[in-house]
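Each chain, letter by letter, is given below.
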Amino acid sequence: MQGEAIFENKDIFPDFPTTGPLAKYRSSATFDWKKLKLIIEDEEALLFRQRIFNFFRDHPYFVRKLEESLTMDQQRHLASKRMLVGFNEHFFGVDQFIQRPDLSYHFVSSLMAFCPSFAIKGNERLYQYVEANENMEIYGAFALTEISHGTNARGVRTTATYDVKSKGFIMNTPDFEAAKCWVGNLGKTCTHAIVYAQLYTPDGKNHGLNAFLVPIRDPKTLLCFPGVRAGDMGEKIGLNGVDNGFVMFDNYLISKDMLLSRTGDVTDDGKFVTPFKDKSKRLGASLGALSGGRVSICGIASTYCTKAITIAIRYSAARRQFGEDSEGNELPVLEYQSQQFRLLPHLASTFALNIFSHWLSVQHGDMFLRTTLGEKLPHVGMEIHALSSACKPFCTWAARDIIQECREACGGHGYLKISRLGDLRNDADANLTYEGENNVLGQQASNWLLNVEKRNAFGEESPLNSADFLQNYRAILQTKFPTNNFSEATSSKIILDSLNWLCAFTLNKTIEKSKKIQKKSSAFDLRNNIQVFHAKTLSICYAQRNVYRVFYDFVNKLPNSSEKEALHDLLVLFGANLMLQNASLFYQGAYFNRSEDIQIFENLITEQLLGKIKNNCIALTDSIAYPDHVINSCLGHSDGNVYKHLKAAFFDNPATFERPQWWETLVHKDKTILNAKL
């Protein structure tokens, strides 16, 4: 049992103001937000996270002014300083990742610079680079994508040809289209990169994609080695603290030992040896690290959602407009049902994403540790690959929609840079594309589901229970939505059963589509022509079901309490919203038989859940919110004093009341300006 003493930690559990715009909502809560916070995150995680947050609060490199606007180079310089001081504190390294993988996504930018430590694990001959990496003697990057090949990893064209005479690999980039690109930290700062290339032996045989640790720059000068040409890709929409770059190799020789050899190696005389007989399985094992990236992105998406929904809900509780209460005061916009419907389902989704991303990270971390120790877990690995391929798109699309709705729900003030919602939106945007473009990535999950179904092996090949229920999917298809009574139809269990049916229906629909076109199509054309309305929908429904299922299991395993009841309301709201989103599929498959079936969920949301959760939503937000200095928004401060913080941001900015340096342009109307020509 976790100790009560932690509640005395005011950094983690601050005493919020008893007066002010948010006090009424806090006093209306039906549960203890502190207890809920300790349910969502365990004591170790809370203490660890707070240590980081306090460091951010007190260190000059992490103090951010609301009005601050930096150039791209200044952002990168600041990010490098933060990376150095953060790792100097030994907050998070390989050992911590193994022990608490669920916390890794808070350090994604820094971990990118130290990625060789993670990729090299299990390649003992390269361990010196792990130590150098963790001692900040070298800095890393991960290079897979090329200018003309991204998600299609098999199609990359960088080559590594083994040379018997020099006992090394000759790295070569045939042309600019084969340049490695979008590599974080490569543009200016990395010294070593994990590079994926087609491995050729002296007999001319291609042994497929393999990973190499490639020296890029001299660690003492940060100048590229001869034969390496690395450059910067320029300013991006967001995340400009990371110097994304490209690199080309001109017959660049690296040592034979730089091959990451867990999936295959080359003997001194040039023979390729591997423990994998199946080439595709070897490629899957070689690319296994990519699941970790997608798992981390699910966590990153949840942190963006947490910040955005905190800002929007606190602002909505403080912002008053239009109607009046019994005392003649304008009502907070949170009191309007339309605002509640805009935000509260997103609050429920944020809780779901937080809980799911933690669960997925733990599953991946457990697999990482066990495989590093020599266990073979092919089914777990493939299931995590499928889960991350489906849920990374779901989580990042959810974050995109949540942040945008929060921006709009905050009106004009939400458009100010000092609200921070614009920065969140721009930074989150990259998650939709990197580590696999969402629309293409989902095909990995649907392919896995179709292949497992073909082998009738859901029971054996789904040890994490993400698809084991599909072993009897044809029986599930015979079930119908129960409409005998309202409470039964809207229970969290019935929602789970309905989402199970939805997966079964979209799986069967995709199989039937495949059968119709299989005889007259190649394997490629078959996969290509079943995506729209079929395989893509299957992948999305699989993701929705599993995010809900993990949330469902989390809530229902809790002992009865007011905190559990508050979480259960969010679970049902999250599920009811998924039911509404998929209404057409439920009717298409005749799971719903009456027009009133979908209205059950509309009534559940508007007549029961929104009003109840509205009274709890500030306390719910408090239970997941980050400290004010981390959110750093004049609209999302925990005291709710929006206008006080807006005034401070306006008045404290030296440029607010200054005359522009170019004022004479307007006053004197210089003729050289008026007569300017191209």
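Model, not experiment: these values are computed from the prediction.

Caption draft 1: Spotlight on a nonpolar patch on the surface. Together, Phe650, Phe651 and Phe657 make up a nonpolar patch on the protein surface, roughly 350 Å² of accessible area in all. The topology assignment puts Phe657 in the loop between α25 (642–652) and α26 (663–668). Here Phe657 falls in the exposed class, since its relative accessible area comes to 60%.

Caption draft 2: Spotlight on the packing of aromatic side chains. Under the counting rule described, the total for this entry stands at 28 aromatic pairs. A connected cluster of aromatic rings, assembled from ring pairs, spans Phe481, Trp501, Phe505, Phe586, Tyr587, Tyr591, Phe592 and Phe601. Across the ring face of Phe651, the terminal group of Lys647 is positioned such that the distance to the ring centre comes to 5.4 Å.

Caption draft 3: Main features of the packing of helix α11 (residues 337–372) against helix α23 (residues 595–624). Between α11 and α23, whose axes approach to 9 Å, the crossing angle comes to 55°. The angle between α11 and α23 falls in the class oblique. When the axes of α11 and α23 are compared, the crossing they make is left-handed. Listed contacts from α23 to Gln337, Gln340, Phe341, Leu344, Leu347, Thr350 and Phe351 of α11 are Ile605, Thr606, Leu610, Gly611, Ile613, Lys614, Cys617, Leu620, Thr621, Ser623 and Ile624. Here the residues of the contact of α11 with α23 are counted per class, giving 10 nonpolar, seven polar and one charged.

Caption draft 4: Just the environment of Thr483, in detail. Mapping Thr483 onto the fold places it in the loop between α16 (473–476) and α17 (486–489). Assessed through its relative accessible area of 30%, Thr483 is described here as partly exposed. For the pair Thr483 and Ile147, spaced 336 residues apart in the sequence, the C-alpha separation amounts to 54 Å.

Caption draft 5: Structural view of empty space enclosed by the protein. Tallied over the entire structure, the rule returns two cavities of 30 Å³ or more. Approximately 70 Å³ is the volume found for the largest cavity. Lining the largest cavity, in full, are Ala390, Pro393, Phe394, Trp397, Asn438, Asn439, Gly442, Lys536, Ser539, Ile540 and Ala543. For the lining of the largest cavity, the class distribution of residues is six nonpolar, four polar and one charged.

Conventions and cut-offs
- Residues numbered from 1 in each chain as written.
- Predicted model: local features only at pLDDT ≥ 70, side-chain atom pairs only at ≥ 80, totals over all residues.
- Heavy atoms only, no water.
- Patch = residues over 30% accessible without salt bridge, like charges linked within 9 Å, V, L, I, M, F, W, Y side chains within 5 Å.
- Areas by Shrake-Rupley, 256 points an atom, 1.4 Å probe, with all protein chains shown as cover.
- Salt bridge = Lys/Arg side-chain N within 4 Å of Asp/Glu carboxyl O.
- Helix = DSSP H or I, 4+ residues; strand = E, 2+ residues; numbered from the N terminus.
- Buried < 20%, exposed > 50% of the residue type's maximum accessible area, 1.4 Å probe, protein only.
- Phe/Tyr/Trp six-rings, centres within 6.5 Å; stacked < 30°, edge-to-face > 60°.
- Lys NZ or Arg CZ within 6 Å of the ring centre and 35° of its normal.
- Axes fitted to C-alpha atoms, helices over the stretch in contact; angles between N-to-C directions.
- Parallel < 35°, antiparallel > 145°, perpendicular 65-115°, else oblique.
- Left-handed = near helix turned anticlockwise from the far one by under 90°.
- Contact = heavy atoms within 4.5 Å.
- Nonpolar A, V, L, I, M, F, W, Y, C, P; charged D, E, K, R; others polar.
- 1 Å grid on protein atoms, 1.4 Å probe; cavity = no way out; pocket = protein on both sides within 12 Å on 5 of 7 lines; lining within 4 Å.
- Points joined across faces, edges and corners; volume = space filled by probe spheres on them.

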